[in-house]
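Below, each chain spelled out in residue letters.
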Amino acid sequence: MSLSMSGPVDRPFAWLAIGLVLEAIIFYLHVHLQVAPYYPQVFDQLTYMSATTQVLDNFSRHGLAALIQPFLSPMATGITYPLQGALAQLVLGPSRAALLTVNLIYFLAVQLCLFLTVRRALGAPQPAWLAVALFVGCVGIFKTAGGIADYRIDFAAMCLFGIWVCTLSWTREFTSRKFSILAGLVAAALILQRFITAAYVGPIYVILFCYLAFWKCRDEQIYLARVVNILISGLTVAVMTLPALALAWGSISAYYVNGHVYGDEPAIRAADVGVVDLGSNLLYYPRSLMQFQIGTLGVVIIAATLIVALIGKLRRPSLTIRNPFDALVFSVALLVPLAVLTCDYSKSPVVVGIVLVPLMLLVASVWHSFAIPHFGAGSVRWTTYFFLAAGAIAFVVDASAQRFDMSSADQAEIRKLNLAIAAYSADLAQPRIAFDRITDFLNGATLRYYFRQEYGPDRPSPAFQESLAAIFTVRREQALSAVKSSDVVVLTDKTTRRGKGLFDTAIIEYWDALDDFAESNLKLLAAGTVDGIPYRVLVRPVPRERKPE
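Residues numbered from 1 in each chain as written. Predicted model: local features only at pLDDT ≥ 70, side-chain atom pairs only at ≥ 80, totals over all residues. Heavy atoms only, no water.

**Q** Outline the overall build of the protein chain, supporting the account with residue identities and numerical values.
**A** Each helix and strand in the protein chain was counted, giving 21 helices and five strands. The C-alpha atoms of the protein chain give a radius of gyration of 26 Å, which matches the 24 Å a tight globule of 549 residues would have. Overall size of the protein chain, expressed as C-alpha extent along the three principal axes, is 85 × 50 × 45 Å. Across the 549 residues of the protein chain, 53% fall into the buried class. Nonlocal contacts in the protein chain, meaning residues at least 24 apart in sequence, comprise 78% of its contacts between residues at least 6 apart. Charged side chains in the protein chain number 43 positive and 37 negative. The centres of these two groups are separated by 9 Å. (Helix = DSSP H or I, 4+ residues; strand = E, 2+ residues; numbered from the N terminus. Rg over C-alpha atoms; globule rule 2.2 N^0.38 Å. Buried < 20%, exposed > 50% of the residue type's maximum accessible area, 1.4 Å probe, protein only. Contact = heavy atoms within 4.5 Å. Lys, Arg positive; Asp, Glu negative; His and termini not counted. Charge placed at Lys NZ, Arg CZ, Asp CG, Glu CD.)

**Q** Quick one: what's the story with the sheet that holds strand 4 (residues 523-530), residue by residue and with numbers?
**A** Read across the open sheet, the five strands follow the order 2-1-3-5-4; overall the sheet is mixed. One side of each edge strand has no neighbouring strand; the edge strands of this open sheet are strand 2 (465-468) and strand 4. Strand after strand, the sheet turns through a mean of 25° between neighbouring axes, direction not considered. Here strand 1 (residues 432-435) pairs with strand 2 via three bridges, running parallel. Note on strand 2: the bridge partner recorded for R432 is Q465. The strands touched by helix 21 (residues 502-521) are strand 1, strand 2, strand 3 (488-491), strand 4 and strand 5 (533-539); relative to strand 5, the strand with the most contacts, the crossing angle is about 50°. (Pairing = 2+ DSSP bridges. Axes fitted to C-alpha atoms, helices over the stretch in contact; angles between N-to-C directions.)

**Q** Which residues make up unusual backbone geometry, and what are the values?
**A** Most of the time, phi is negative for any residue but glycine, and the peptide bond is trans. Phi is positive for R172, close to 55°, though the residue is something other than glycine. In this structure, R172 sits in the loop between helix 7 (153-170) and helix 8 (177-193). For E173, which is not a glycine, the phi torsion comes out positive at approximately 60°. Structurally, the position occupied by E173 is in the loop between helix 7 and helix 8.

**Q** Just give me the short version of the nonpolar core, but keep the residues and values in it.
**A** Membership of the largest hydrophobic core comes to 146 residues, with the highest contact counts inside it found for F135 and W164. In contact with W164, other than residues within four places in its own chain, are A183, V186, A187, V201, I204 and Y205. In this structure, L480, V483, W511 and L538 belong to the second largest nonpolar core, which totals 20 residues. (Core = buried A, V, L, I, M, F, W, Y, C linked by side-chain atoms within 4.5 Å.)

Here it is in structure tokens:
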């Protein structure tokens, strides 16, 4: 059956190039209108912005030697992402758009790999367009937390993981030495960017090795070549990543083992997202994948394509999956991260985005293998157009949707409060700040951000320390001690719009005592109202300590 037609199918690479350029334009418009005017939200990206700023400051003082320091003193989560952001700002200038260009490059690159992989594996552009359309139409692409405009490792790691899965397909069952080494290099880059992905990469390599080792092919030479190539690929990963993982093991253990396995934090975070028993734990990530990452439209299209493919298989049982090894790779790359994440009781809907690309690859393979053989050329043409239109419309709608609902007045108040604390703390070595509620716009990280905005890179930021702010219960005497020992105390209201978490519940019980001490012993530095909640910034009448001259 001839599947040739005009447009995206007849000239796929020209249309793909046009699509990628349009996506880049839409991305920069989104950043300019919806991101740059606002403070960096949802906590995590401020951590990576601070790490990137540190790299840039070290570079200005020490030159290229500064690029080595992150490898010697790595973060708990990974090494290379802040480096990439620093390089982007060195090339493009100091702006939020420059930082987020790192995510854009990964986004465009994974689409190119996704398209090339499906087209090579299945020999037709139609399923490749389906995979790309489903991917760009996912609502998670423009989510405030973990989306393309959020400067944290989740989005970039999701794209790089997808690129790695594509390179596994390119190995042609590890018969290609060149692509086997390439797969190892990409896997190493992924792990160095985000350490936790080693928990996905390792098991996937083991499963594929078992498949190749125990599923012997008739040609002994090919069998040995495949086994040797996958061992070389795995060895490449080990050689490039194990030294860094060993060097960072202390911080990795503190962050992931103590923070995600032991202690009270995993249970608290699980309860915050409704995970209270085995059933809710098992269903959390499949549900998050559908609701937070894919979205209703994508779920409906995926379900429809799989149903049509199932009907096609039932009507013609002789049909088989094209490229069984690729289907195995896509399936394993989908299931292994889901299994690992499910075992972790500390939950977040952001991290499950790691499986988006393997899922789209698998859906495209199933669609092409079992559904397309039953369609005529005209039906395939219009179905492909429908997929493309749905993906394009979803992408534009998601990019155009209101990202933040905070008013300009609230933005001005946030800036005023942060700058007031920054100015007061400018000459302090390690100012201690006590907060009576947890927000993403007034904390140690936002203070560092606004301090740099106000004073520039030539004046080092104070080492702001949060003496009171947590997700755990804080006892009355601990809270009072924190307030008494702090240089700055931020008080809001006893009950207005407080959450039901352990910290807020405890604060309510003794908030009056905190307020009485602050009113009696501290002086008011600034006040404002943000989102209907009053804020007061109180400070010591005479600062206790100053930076050494």
